Amino acid sequence: MAGNLIARLVHDLTAAAWFGGSLMGAIGLNGAAAEAKDPSERTRLSSAGWMKWAPFQTAAFASHLVADLAIAWENKGRIAKQEGVARDTVIKTAVTVVGAAVTLYSGLLGKKVEKLAGEGAEGATEPRPDASDELKAAQKQLKMLQWAIPAFAGAVIVLGAKHGEMQRPKNVFAGLRS
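Caption draft 1: Spatial organisation of the UniProt feature "transmembrane region" (unreviewed entry) in the protein chain. In the numbering adopted here, UniProt assigns the feature "transmembrane region" (unreviewed entry) to residues 12-33, 85-108 and 144-161. Along residues 12-33, the helical share is 100% and the strand share 0%, with 30 Å between the first and last C-alpha atoms. Note that residues 85-108 is 100% helix and 0% strand, and that its end C-alpha atoms are spaced 34 Å apart.

Caption draft 2: The arrangement of the nonpolar core in detail. Judged by nonpolar contacts, the single largest core of 17 residues is most densely connected at W18, L109, V113, L135 and V156. Elements supplying a minimum of two residues to this core: α1 (5-33), α4 (85-115) and α5 (133-166). Looking at this core element by element, the count peaks at eight residues for α5. Those residues in contact with V113, other than ones at most four positions away along the chain, are T43, S47, A124, L135, A138, Q139 and L142.

Caption draft 3: How the structure looks around the pattern of salt bridges. Taken as a whole and assessed by the stated rule, the structure comprises seven salt bridges. K162 is paired through a salt bridge with D88; the nearest N and O atoms lie 3.0 Å apart. You can see K162 sitting in helix α5 and its partner D88 sitting in helix α4, a full 74 residues away along the chain. For K162, a relative accessible area of 40% gives the class partly exposed. Given a relative accessible area of 5%, D88 falls into the buried group. Put simply, K143 and E126 hold a salt bridge, and the shortest N to O gap is 2.8 Å. Linking K143 in helix α5 with E126 in strand β2 (residues 126-127), this pair joins segments that are 17 residues apart in sequence. Assessed through its relative accessible area of 39%, K143 is described here as partly exposed. Within the structure, one salt-bridge network assembled from shared partners comprises R87, D88 and K162.

Caption draft 4: View of helix α2 (residues 39-74). Taking 1.5 Å of rise per residue, 36 residues should cover 52 Å, and α2 covers 52 Å from first to last C-alpha, within 8% of that figure. In α2, a bend of some 35 degrees at A54 exceeds every other bend along the element, and P55, a proline, comes one to four places later. Buried residues belonging to α2 abut α1, α4, β1 (121-123) and α5.

Caption draft 5: Highlighting α4. Here α4 contains 31 residues, and its C-alpha end-to-end distance of 45 Å stays within 8% of the 45 Å for a straight helix at 1.5 Å per residue. The inward-facing, buried residues of α4 contact α1, α2, α3 (76-81) and α5.

Caption draft 6: Representation of the packing of aromatic side chains in the model. Taken as a whole and assessed by the stated rule, the structure comprises two aromatic pairs. Seen in terms of ring centroids, W18 and F61 are 4.9 Å apart; in terms of plane orientation they differ by 65 degrees. Their pairing is edge-to-face. Taken as a pair, W18 in helix α1 and F61 in helix α2 lie far apart in primary sequence, 43 residues in all. Across the pair, F61 and W18 agree in class, each one buried. Plain terms: the ring middles of W53 and F56 are 6.3 Å apart, the flat faces sit at 25 degrees to each other, and that makes the pair stacked. A residue pair is termed a helical-turn pair when its members lie 3 or 4 positions apart in one helix, as W53 and F56 do in helix α2 at three residues. Assessed through its relative accessible area of 26%, W53 is described here as partly exposed. Taking NZ or CZ as reference, K76 lies 3.8 Å from the ring centre of W73, over its face.

Rules and cut-offs
- Residues numbered from 1 in each chain as written.
- Predicted model: local features only at pLDDT ≥ 70, side-chain atom pairs only at ≥ 80, totals over all residues.
- Heavy atoms only, no water.
- UniProt positions renumbered as here; feature names shortened; annotations may be inferred.
- Helix = DSSP H or I, 4+ residues; strand = E, 2+ residues; numbered from the N terminus.
- Core = buried A, V, L, I, M, F, W, Y, C linked by side-chain atoms within 4.5 Å.
- Buried < 20%, exposed > 50% of the residue type's maximum accessible area, 1.4 Å probe, protein only.
- Contact = heavy atoms within 4.5 Å.
- Salt bridge = Lys/Arg side-chain N within 4 Å of Asp/Glu carboxyl O.
- Expected span 1.5 Å × (residues − 1).
- Bend = angle between axes of the 7 residues up to and from the residue.
- Phe/Tyr/Trp six-rings, centres within 6.5 Å; stacked < 30°, edge-to-face > 60°.
- Lys NZ or Arg CZ within 6 Å of the ring centre and 35° of its normal.

Structure, rendered in structure tokens:
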């Protein structure tokens with residue numbers, strides 16, 4: 001077992017943290033916050049939970065990037081020579097970067113919702129009918145993004161698994177370019 005065991009572990013675990021954390025937040029945290037009796041507490045509690053998660057998510061992204069770079073460096077020859085590997089690496093990188101940007105944007109929207117928490121809400125992503133347009137817009141976007149983020153993270157995991165399959169000897173030999 002040679003190569004990048006540690007980098008692969010970090011890569012996979014950080015992608016799993018991104019996926020699991022975002023899905024748990026959308027289902028568990030936002031769902032639980034919606035149960036608060038005081039409407040102004042619903043967005044405040046959800047925002048507080050997401051802000052506690054943010055440093056771990058940031059560390060996971062940074063670690064994922066470092067692990068990705070280490071894996072790419074170790075596989076630079078295969079990326080250049082095996083058919084499909086460079087293309088899939090570009091796709092996986094693009095999905096990761098766009099997913100990270102969407103996650104960051106979601107955090108910025110979350111700060112806006114936190115700032116407007118005093119208006120109250122039906123839930124973390126469900127505004128009250130009398131909410132300001134600013135709060136309604138932010139919550140509407142968050143409602144969509146809370147499901148887009150685990151989709152991006154899941155895609156990164158799937159593409160990582162595909163990369164792993166491409167490293168099987170029979171697939172390497174079949175894909176080598178002359």
